[in-house]
Amino acid sequence: MLESPGQLRAVVVDDDGDVRLLIRRTLEMLGFAVFEASSGAEAMLNIQEHRPDLVTLELNLPDLDGVEVCRRMRKFSDAYVVMITARADEVDELIGLEIGADDFIRKPFSPRSVQARVTAVMRRHRPTPQRPTPRRRATDFMVAAPGGSAPETHHLPGALRRRADDASPGMSIHSSPESTSAAGTDVRHADANGVVRHGPLVVEVQGRAASLDGVELELTRTEFDLLETLARAPRRVWTRKALLTHVWGTEWPRDEHLVEVHIGNLRKKLGDKGREPRFIRTVRGVGYRMAPVEG
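Position labels on residues start from 1 in each chain and follow its written sequence. Residues qualify for local features only when their pLDDT is at least 70, as the model is predicted, and side-chain atom pairs are given and counted only at 80 or more; totals for whole chains, interfaces and linings, by contrast, use all residues. For the side-chain quantities, the full set of heavy atoms in the structure was used; hydrogens and water were omitted.

Asker: Any chance you could explain the overall build of the protein chain here in plain terms?
Answerer: Only DSSP runs of H or I with at least four residues qualify as helices, and only runs of E with at least two residues qualify as strands; both kinds are numbered from the N terminus onward. Secondary structure summary: the protein chain contains 9 helices and 12 strands in total. A 1.4 Å probe rolled over the protein chains alone gives each residue an accessible area, and that area as a share of the maximum for its type sets the label: buried under 20%, exposed over 50%, partly exposed in between. With 295 residues in all, the protein chain has 52% of them scored as buried. Taking the intrachain contacts of the protein chain between residues at least 6 apart in sequence as the baseline, contacts between residues at least 24 apart amount to 59%. Of the roughly 13600 Å² of accessible surface on the protein chain, a fraction of 50% belongs to carbon and sulfur atoms. We call two residues in contact whenever any of their non-hydrogen atoms come within 4.5 Å of each other. Here, Shrake-Rupley sampling with a 1.4 Å probe gives the accessible areas, and only protein chains in the shown set may cover a residue.

Shown next as structure tokens:
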């Protein structure tokens, strides 16, 4: 397959050839160079060889299932993962999110829904092989809509290309009118070393690492993004909708359970328990905020 320099890559994994074709064509319309795999073993080989920025991963595969493929690839790849499933069992979804999937699409689906979900998940800042600068988003590679506005999710012609202008390393992950106006002046900026501190909790923004009491935390990409967001505005109460917009780049109400699942996983890793958690507190009927630093 011929690729343009800097073009984003995707691996489409599904044992159904018709589904692979549908997703392939949809991603190619978004400008991806697409590689296909019909089994878990073939998927692992393609991911290792092509170092994709995005993987769409069917949950039911003839050898390794999608959860196991995701678990194994997370040892060497930070690609965005969108799982595809015909199952209605929420347990599968929770397990997938726990081991590092970014989102789920349920069958049957339309090309438009795939396009919207992929575009939303790739708005998040994450270093990947074709765009190694951590503070940039995949949508920075998309051709801007007429008039210089942001890329549109329903019509994205042309290849996804690198843009010369990086986002400032000091900026927080992408913001929305709701998130920036609500935050006001209560924004905690990283220090000269790119570090945000909240008591014994240390968040290294540029290095995308976090530690508690000097011990590094093993966080997924989503968990880190959530923790950075909360730690930067410790006095702000974040609604689930605001977190969806700020971290996932989507405002779909049915996605609010994603926030709850990831917050729950993050709390476990922070050791938060009981009604007075040490770090992340629930504001009933509203959302989440950081607990005050213990004096």
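Asker: Explanation requested: the nonpolar core in the structure shown.
Answerer: Most often, soluble globular proteins keep nonpolar side chains buried together rather than apart. The term nonpolar core refers to a set of buried residues drawn from Ala, Val, Leu, Ile, Met, Phe, Trp, Tyr and Cys, joined through side-chain atoms within 4.5 Å. Formed by 54 residues in total, the largest nonpolar core has its most connected members in Val55, Leu57, Met83, Leu201 and Ile280. It is helix α9 (residues 256–270) that provides the largest number of residues to this core, a total of 6 residues. In this structure Ile280 touches Leu230, Ile263, Leu266, Arg267, Leu270, Asp272, Tyr288, Arg289 and Met290, once residues within four positions along its chain are discounted. Among the nonpolar cores identified, the runner-up in size contains 19 residues, and Val19, Val34, Phe109 and Val121 belong to it.

Asker: Would you explain the sheet that holds strand β11 (residues 280–283) in this entry?
Answerer: Backbone hydrogen bonds hold the strands of a sheet together, and the pairing may be parallel or antiparallel. Taken together, 3 strands build an open sheet; the order of strands is β10-β12-β11 and the sheet is antiparallel. Only two strands of the sheet have a single partner each, and these edge strands are β10 (238–239) and β11. Bridge count for β10 against strand β12 (residues 287–290) is 2 bridges, and the pairing is antiparallel. The partner of Trp238 across the bridge, within β12, is Tyr288. Lines are fitted to the C-alpha atoms to define the axes, a helix being fitted only along its stretch in contact, and any angle between axes, read from their N-to-C directions, falls within 0 to 180 degrees. Contacts from helix α7 (residues 221–232) reach β10, β11 and β12, with the element oriented near 65° to β12. DSSP calls a pair of strands paired once it identifies at least 2 bridges connecting them.

Asker: What am I meant to see in the environment of His257 here?
Answerer: Looking at the secondary structure, you find His257 in helix α9. Distance in space between the C-alpha atoms of His257 and Arg240 is 8.6 Å, their sequence separation being 17 residues.

Asker: So what exactly am I meant to see when it comes to the pattern of salt bridges here?
Answerer: Between side chains of opposite charge, a pair can form when the charged atoms approach closely. What counts as a salt bridge is simple: a side-chain nitrogen of Lys or Arg found within 4 Å of a carboxyl oxygen of Asp or Glu. Throughout the structure, instances matching the rule amount to 14 salt bridges. Across the pair Asp225 and Arg208 runs a salt bridge, and its minimum N-O distance is 2.9 Å. Of this pair, Asp225 sits in helix α7 while Arg208 sits in the loop between β7 (201–204) and β8 (209–212), and the two are 17 residues apart along the sequence. Note on accessibility: Asp225 and Arg208 belong to one class, buried. When the shortest N-O distance is used, the salt bridge between Arg232 and Glu228 registers 2.9 Å. Of this pair, Arg232 and Glu228 both sit in helix α7, 4 residues apart, roughly one helical turn. Assessed through its relative accessible area of 4%, Arg232 is described here as buried.

Asker: What's the story with the pairing of β7 in this structure? I'm lost.
Answerer: One face of the sheet, then the other: side chains in a regular strand alternate in exactly this way. Where strand β6 (residues 195–198) lies against β7, 4 bridges are found, and the strand directions are antiparallel. Residue pairing in the sheet places Val195 in a bridge with Glu204 of β7. Between β6 and the antiparallel strand that follows it, β7, lie 2 residues; Gly199 among them carries a positive phi value of about 60°. What sits between β7 and β8 in their antiparallel hairpin is a turn of 4 residues, with Arg208 showing a positive phi close to 50°.

Asker: Looking at this structure, how should I read the side chain of Gln7?
Answerer: Residue position: Gln7 is located in the segment before β1 (9–13). Judged by its relative accessible area of 11%, Gln7 is buried. Within the local environment of Gln7, its side chain forms a polar contact with the backbone oxygen of Gly31, the two atoms lying 2.8 Å apart. Any pair of nitrogen or oxygen atoms within 3.5 Å is treated as a polar contact; in protein, a donor-acceptor pairing is required on top of that, and neighbouring residues in sequence qualify only through side-chain atoms on both sides.

Asker: What exactly am I supposed to notice about the packing of helix α1 (residues 17–29) against helix α5 (residues 111–121) here?
Answerer: In helix packing, the relevant descriptors are the interaxial angle and the interaxial distance, both defined with respect to the helix axes. Following both chains from N to C, one finds α1 and α5 inclined at 55°, their axes separated by 10 Å at the closest point. As judged from the angle between their axes, α1 and α5 are oblique. α1 and α5 meet at a crossing whose hand is right-handed. Side by side, α1 and α5 meet where Leu22, Thr26 and Leu27 of the first sit next to Pro111, Val114, Gln115 and Val118 of the second. Put simply, Ala, Val, Leu, Ile, Met, Phe, Trp, Tyr, Cys and Pro go in the nonpolar bin, Asp, Glu, Lys and Arg in the charged bin, and everything else, Gly too, in the polar bin. In terms of residue class, the contact of α1 with α5 is made up of 5 nonpolar, 2 polar and no charged. Should an angle lie under 35 degrees it is considered roughly parallel, over 145 roughly antiparallel, and from 65 to 115 roughly perpendicular; all remaining angles are considered oblique. Rotating anticlockwise by less than a right angle from the far helix to the near helix defines a left-handed crossing, while the corresponding clockwise rotation defines a right-handed one.

Asker: What should I look at first to understand α1 in this one?
Answerer: For the α-helix, the turn length of 3.6 residues means that residues three or four positions removed from each other point alike. Taking 1.5 Å as the rise per residue, α1 with 13 residues should run 18 Å; its terminal C-alpha atoms sit 18 Å apart, in good agreement. When we look at burial in α1, the residues that qualify are Val19, Arg20, Ile23, Arg24, Thr26 and Leu27. All buried residues of α1 project into a common sector of 165° when viewed along the axis, lining one side. Among the exposed residues of α1, those oriented more than 90 degrees off its buried face are Asp18, Arg25 and Met29. The inward-facing, buried residues of α1 contact β1, β2 (33–37), β3 (54–58), β4 (80–85) and α5. Expected span of a helix: the number of residues minus one, times 1.5 Å. The directions considered for the arc run from the helix axis to the C-beta atoms.

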